[in-house]
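Below are the chains, spelled out letter by letter.
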Amino acid sequence: MSTIMDYGSVYEIAQAVFAAMIDGDEGLLLPWDGDPPVIDDPVVSWVEVEGPIVGRAALTTSRDTAHALARALMGMGADEPVSDDDLVDAFGEIANVVGGNVKALLPDQGTLSMPQVATELPPTDYPMVHELHLAWRGDPLDVVIWLNRVNPEGEI
């Protein structure tokens, strides 16, 4: 299956989202150097794309990094505790914005589901089209995109 987006497009989206929403500057979300990392105590946030093209955009990182992301997004102090509700709101919003920007690249955009946050992704039958292993402030963060055209006559 060919896609209209490449690794660089998805990386640019993630980098722009992190610069605008979290860091205020580019350069803190970088490609992971080396073998793909093992993410301990994972937290996953995702949105589903619904319409002529269906799919999912998901972010996975460790619980500690998800808390740091929530603190950065919400302008909290480095040691300030993050509630479960704040973690779900913040990490879900990041997936929502990344997913919305990915959806904007699709020829048939459809809609996005509400963001979900959990310790693991539910299974999907969609083919994976991108898997980015990134480092945010040195900590592992994966961005994964799955897409499938409902109408089998064309390619994505």
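Caption draft 1: Summary view of the pattern of salt bridges. Per the stated rule, a full pass over the model turns up three salt bridges. For Asp 23, the salt bridge identified is with Arg 137, shortest N-O distance 2.8 Å. You can see Asp 23 sitting in helix H1 (residues 7–23) and its partner Arg 137 sitting in the loop between strand S6 (128–136) and strand S7 (139–149), a full 114 residues away along the chain. Arg 63 is paired through a salt bridge with Asp 41; the nearest N and O atoms lie 3.7 Å apart. You can see Arg 63 sitting in helix H2 (residues 63–74) and its partner Asp 41 sitting in the loop between strand S1 (29–31) and strand S2 (42–50), a full 22 residues away along the chain. In this structure Asp 41 comes out as partly exposed when scored by relative accessible area, which is 48%.

Caption draft 2: Representation of the packing of H2 against helix H3 (residues 84–104) within the structure. Two numbers describe how H2 lies on H3: the axes approach to 9 Å, and their chain directions differ by 85°. When the axis of H2 is compared with that of H3, the two are roughly perpendicular. Across the interface between the two elements, Arg 63, Ala 66, His 67, Leu 69, Ala 70, Leu 73 and Met 74 of H2 pack against Asp 86, Leu 87, Ala 90, Phe 91 and Ile 94 of H3. Here the contact of H2 with H3 is composed, by residue class, of nine nonpolar, one polar and two charged.

Caption draft 3: Highlighting the pairing of strand S3 (residues 53–62). With ten of ten residues buried, S3 lies mostly within the body of the structure. Pairing geometry for S2 and S3, over eight bridges, is antiparallel. Residue Val 49 lies in a different strand from S3, and its bridge partner there is Gly 55. The hairpin formed by S2 and S3 contains two residues between the paired strands, and Gly 51 there has a positive phi angle of roughly 145°. Two strands pair when backbone bridges link them, and S3 and S7 are joined in this way by nine bridges, in the antiparallel orientation. Counted as the bridge partner of Arg 56 is Trp 146 from S7.

Caption draft 4: The side chain of Lys 103, seen in detail. Mapping Lys 103 onto the fold places it in helix H3. Although Lys 103 is buried, it makes no salt bridge; Glu 50 carries the closest opposite charge, 10 Å away. Beyond its immediate sequence surroundings of up to four residues, Lys 103 is in contact with Val 49, Gln 109, Gly 110, Thr 111 and Leu 112.

Caption draft 5: Local environment of unusual backbone geometry. Phi is positive for Asp 41, close to 50°, though the residue is something other than glycine. In the Ramachandran plot, Arg 137 falls in the positive-phi region, its phi being about 50° despite a non-glycine side chain.

Caption draft 6: Focus on the packing of aromatic side chains. What the rule picks out here adds up to one aromatic pair. Across from the ring centre of Trp 146, 5.8 Å away, lies the NZ or CZ of Arg 56, which sits over that ring.

Caption draft 7: Molecular detail of the nonpolar core. If you look at the biggest cluster of nonpolar residues, it comprises 34 residues, and the most contacted ones within it are Phe 18, Leu 59 and Val 143. Put simply, the parts of the chain that give this core at least two residues each are H1, S2, S3, H2, H3, S6 and S7. Filtering out sequence-adjacent residues up to four positions away, Val 143 remains in contact with Val 10, Ala 58, Leu 59, Val 98, His 130, Glu 131, Leu 132 and Leu 134. In terms of nonpolar packing, the next biggest core, distinct from the first, is built from five residues, Val 44, Trp 46, Ala 58 and Val 144 among them.

Definitions and cut-offs
Residues numbered from 1 in each chain as written. Predicted model: local features only at pLDDT ≥ 70, side-chain atom pairs only at ≥ 80, totals over all residues. Heavy atoms only, no water. Salt bridge = Lys/Arg side-chain N within 4 Å of Asp/Glu carboxyl O. Helix = DSSP H or I, 4+ residues; strand = E, 2+ residues; numbered from the N terminus. Buried < 20%, exposed > 50% of the residue type's maximum accessible area, 1.4 Å probe, protein only. Axes fitted to C-alpha atoms, helices over the stretch in contact; angles between N-to-C directions. Parallel < 35°, antiparallel > 145°, perpendicular 65-115°, else oblique. Contact = heavy atoms within 4.5 Å. Nonpolar A, V, L, I, M, F, W, Y, C, P; charged D, E, K, R; others polar. Pairing = 2+ DSSP bridges. Lys, Arg positive; Asp, Glu negative; His and termini not counted. Phe/Tyr/Trp six-rings, centres within 6.5 Å; stacked < 30°, edge-to-face > 60°. Lys NZ or Arg CZ within 6 Å of the ring centre and 35° of its normal. Core = buried A, V, L, I, M, F, W, Y, C linked by side-chain atoms within 4.5 Å.

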